[in-house]
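Structural overview
Next come the chains, spelled out residue by residue.
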Amino acid sequence: MINTPFYYYDLNLLDKTLQSIDTNIKGNPFKVHYALKANAEEKILKIISDHGFGADCVSGNEINKALECGFNHNEVVLAGVGKSDNEIRTAIDNNIHSINCESIEEIRVIAEIAQKEVNIALRINPNINANTHPSITTGTSKDKFGIPTQNLWEAIEEIKKYPNLNFIGLHFHLGSQITDMLPFKKLSDEVNSIQSYLISKEIKLPHLNMGGGIGIDYNSPKDNPIPNFEDYFNVFKTHLNVLENQTVHFELGRSIIGQSGSLISKVLYVKNGANIKFAIIDAGMTDLIRPALYNSFHAIENISSDRGNETYQVVGPICESTDTFGNALLTDTNRGDYLKIFSAGAYGQVLSSNYNLRDSPKSIYSDQYQLDEILLEQNERKSKNKHM
Ligand code: LLP
């Protein structure tokens, strides 16, 4: 018997998603780096590295994990506003593609730590609003990320002081869950003007990194399982002036793995509150914190029943009032039913915690079990009236 709650990954959908990216970047000097922070399950990382993508890391441990899972060191980048000296050493020792510096002070620290030549890029904060949730906006002047555009030349002068630093690129990232393409157009315009300025100073960089951020459809995951990569990449194909021999990097996280993962949980109790019916499930904010943290919506379905229609507030077992997945219109829901919480592949399992000393949710993959098989087994147990 498989214990709930667990994350279920549809590898077929992951494969189709990766292929859709390939189709949309074909023929362009584009390279995709997967943002490990979205989901760092080994099996998933191996699939994505086998597919030929690079890795975007934000910690020394992510670098090590990426290398263990087959990513090529030369296709690994490290960003992060507060890299520790040890993390910088990990990046240097492994000869990664580039360290993306987020402050002028960091440039000096990297130069001092490195006893050899090292590739660095500058992460620039372009001050563009991504029109997304404020908690996942990173590219405005209020945010801690990157070096303000007006300090770019000062940063370049700093790099020039250190002969062991190779300045190889510029990095930008506006934020996450961006569904409006206009911010990406604005970003392209801004990068074009920065590039013209650099060309006037006789600087031509081999790499541009436009970050990640394309959103997924949380409202209708079944209708739109694959993000609209066509519109996303078209913005850059149309508006970004790419120089000769220049490569453009993208670091996508959510859009690659978000829809392929769901959280499967069992209903423990159904309770009539004063005004609302609660479906109390065995997954909580410790398994998927996004609703509690950002008030974010995840579609929920009762996959054990297909009759009736009623609104339930789906809540977890944790002693916190924010431990709720919101209201959902579900089919008739009873103890022992399975609920599927959609679009949980990105920033789901990675953000799980052991609060209340709870177990970490496990991963089940579609090449091991089909969800139907798991349901069937459960129904047999239910019909024999066994405890869950
Ligand atoms: N590059 C950088 C520098 C980033 O900070 C991020 C995400 C990405 C790439 C990948 O962005 P994506 O393609 O996944 O949007 N926990 C939040 C999301 C935090 C995103 C952090 N940075 C959530 O659950 O919505």
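Residues numbered from 1 in each chain as written. Predicted model: local features only at pLDDT ≥ 70, side-chain atom pairs only at ≥ 80, totals over all residues. Heavy atoms only, no water.

1. Here we look at the overall build of the protein chain
For clarity, the threshold we go by: Strands here are runs of E lasting at least two residues and helices are runs of H or I lasting at least four, both read from the DSSP assignment and numbered beginning at the N terminus. C-alpha atoms define the radius of gyration, and 2.2 Å times the number of residues to the power 0.38 defines the globule rule. Three exposure classes are used, based on accessible area relative to the maximum for each residue type with a 1.4 Å probe and protein chains only: buried under 20%, partly exposed in between, and exposed over 50%. Only the protein chains shown count as covering a residue, and every accessible area follows the Shrake-Rupley method with a 1.4 Å probe. In this tally Asp and Glu are treated as negative and Lys and Arg as positive; neither His nor the chain ends contributes. Lysine's charge is taken at NZ, arginine's at CZ, aspartate's at CG and glutamate's at CD.
Per the secondary structure count, the protein chain includes 11 helices and 17 strands. Here the C-alpha atoms of the protein chain give a radius of gyration of 23 Å, agreeing with the 21 Å that 2.2 N^0.38 yields for 388 residues. When the backbone C-alpha atoms are referred to their principal axes, the protein chain occupies close to 75 × 40 × 40 Å. Sorting the 388 residues of the protein chain into buried and exposed places 54% on the buried side. Taken as a whole, the protein chain presents about 17300 Å² of accessible surface, with 45% of it coming from carbon and sulfur. Side chains of the protein chain give 36 positive and 47 negative charges; the mean places of these two sets differ by 3 Å.

2. Observations regarding helix α4 (residues 85-93)
One turn of an α-helix holds 3.6 residues; hence residues three or four places apart share an orientation. Just so we agree on the cut-off: Only heavy atoms matter for contacts: two residues are in contact if any of them lie within 4.5 Å across the pair.
All of the buried residues in α4 are Ile88, Thr90, Ala91 and Ile92. Looking at the buried side of α4, the elements it contacts are α3 (60-68), β4 (76-78), β5 (98-101), α5 (104-113) and β6 (118-125). Just past α4, the residue Asn95 takes up positive phi, approximately 50°.

3. Details of the site of the ligand
Worth spelling out the cut-off: We call a residue near a molecule or strand whenever a single non-hydrogen atom of that residue lies within 4 Å of it. In the analysis that follows, any N or O atom pair within 3.5 Å is treated as a polar contact, provided that within protein one partner can donate a hydrogen and the other can accept it, and provided that, for residues neighboring in sequence, both atoms belong to side chains.
Around the ligand, 17 residues are found, and the nearest of them are Ser176, Glu251, Arg254, Arg290 and Tyr347. Between the ligand and Ser176 there is a distance of 2.4 Å, counted from an oxygen atom to a side-chain nitrogen or oxygen. A distance of 2.7 Å is found between a nitrogen atom of the ligand and a side-chain nitrogen or oxygen belonging to Glu251. When isolated, the ligand has an accessible area of 590 Å², and the protein chains bury 91% of it.

4. Looking at the domain arrangement of the protein chain
Interface size, as often reported, equals the accessible area lost upon joining of the parts. Quick reminder of the rule: The split into domains, and so the bounds of each, comes from an automatic or database assignment of domains. Two parts lose some accessible area (1.4 Å probe) when they are put together, and adding that loss for both gives the buried area.
By the assigned domains, the protein chain splits into domain 1 (11-257) and domain 2 (259-386). Facing 27 residues of domain 1, the contacting portion of domain 2 comprises 21 residues. Regarding the contact of domain 1 and domain 2, the summed buried area is about 2100 Å², with carbon and sulfur atoms giving 54% of it. Of all residues in domain 1, Leu11, Tyr218 and Ile257 give up the largest surface area on contact with domain 2, accounting jointly for 26% of the area buried on that side.

5. Observations concerning the nonpolar core
For soluble globular proteins, the rule of thumb is that nonpolar side chains tend to be buried together. Counted only if it meets this: Here, nonpolar core refers to any group of buried Ala, Val, Leu, Ile, Met, Phe, Trp, Tyr and Cys residues whose side-chain atoms link them within 4.5 Å.
Counting 93 residues, the largest nonpolar core has Leu122, Leu170, Met210, Phe233, Phe250, Leu252 and Ile256 as the members making the most contacts within it. Among residues more than four places away in sequence, those in contact with Ile256 are Leu14, Thr17, Leu18, Ile21, Val32, Tyr34, Ile48 and Phe53. Of all hydrophobic cores here, the second largest spans 9 residues; its members include Ile2, Leu371, Ile374 and Leu375.

6. A word on the packing of helix α1 (residues 11-25) against helix α2 (residues 42-51)
Our working definition: Axes here refer to lines fitted to C-alpha atoms; in helices the fit is confined to the stretch in contact. Angles between the N-to-C directions go from 0 to 180 degrees. Roughly parallel covers angles under 35 degrees, roughly antiparallel covers those over 145, roughly perpendicular covers 65 to 115, and oblique covers all other angles. Note: crossing handedness is left-handed where the near helix turns anticlockwise from the far helix by less than a right angle, and right-handed where it turns clockwise. In this classification, Asp, Glu, Lys and Arg are treated as charged, Ala, Val, Leu, Ile, Met, Phe, Trp, Tyr, Cys and Pro as nonpolar, and every other residue, Gly included, as polar.
The interhelical angle for the contact between α1 and α2, taken along N-to-C directions, is 30°, at an axis separation of 11 Å. On the basis of the axis angle, α1 is roughly parallel to α2. Seen along the crossing, α1 lies across α2 with a hand that is right-handed. Across the interface between the two elements, Leu11, Leu14, Leu18, Gln19 and Asp22 of α1 pack against Lys43, Ile44, Ile47, Ile48 and His51 of α2. For the contact of α1 with α2, the residue count by class is 6 nonpolar, 2 polar and 2 charged.

7. Overview of the pairing of strand β11 (residues 261-272)
The test is simple: At least two bridges found by DSSP between two strands is the condition for calling them paired.
Bridging between strand β1 (residues 6-9) and β11 involves 4 bridges; their strand directions are antiparallel. If you follow Phe6 over to β11, its bridge partner there is Ile264. Bridge count between β11 and strand β16 (residues 338-341): 4 bridges; the pairing is antiparallel. Residue Leu263 lies in a different strand from β16, and its bridge partner there is Ile341.

8. Description of the side chain of Ser20
Relative to the helices and strands, Ser20 is located in helix α1. Using a relative accessible area of 17% as the deciding quantity, one classes Ser20 as buried. Not counting the four nearest positions on each side in its chain, Ser20 is found in contact with Ile226 and Phe229.

9. Overview of the pattern of salt bridges
So the rule is basically this: Salt bridges are defined as contacts in which a side-chain nitrogen from Lys or Arg sits within 4 Å of a carboxyl oxygen from Asp or Glu.
Inspection of every chain in the model, using the stated rule, returns 14 salt bridges. Across the salt bridge formed by Lys65 and Glu42, the nearest N and O atoms sit 2.9 Å from each other. With Lys65 in helix α3 and Glu42 in helix α2, this pair connects stretches of sequence that are 23 residues apart. Where Lys83 meets Glu106, a salt bridge forms, and the shortest distance between an N and an O atom there is 2.6 Å. Taken as a pair, Lys83 in the loop between β4 and α4 and Glu106 in helix α5 lie far apart in primary sequence, 23 residues in all. Here Lys83 falls in the buried class, since its relative accessible area comes to 12%.

10. Quick word on the packing of aromatic side chains
Cut-off, in case you're wondering: Any two rings among Phe, Tyr and Trp, with Trp reduced to its six-membered ring, count as a pair given centres within 6.5 Å; such a pair is stacked if its planes are under 30 degrees apart, edge-to-face if over 60, and tilted if neither.
If you walk through the whole model with that rule in mind, you get 13 aromatic pairs. Taken together, a centroid distance of 5.5 Å and an interplanar angle of 25° make the contact between Tyr9 and Tyr365 stacked. With Tyr9 in strand β1 and Tyr365 in strand β17 (residues 362-365), this pair connects stretches of sequence that are 356 residues apart. Note on Tyr9: relative accessible area 1%, which makes it buried. Of the residues examined, Tyr365 reaches a relative accessible area of 6% and is grouped as buried. Members of the aromatic cluster, joined through ring pairs, are Phe30, Phe184, Phe229, Tyr232, Phe233, Phe236 and Phe250.

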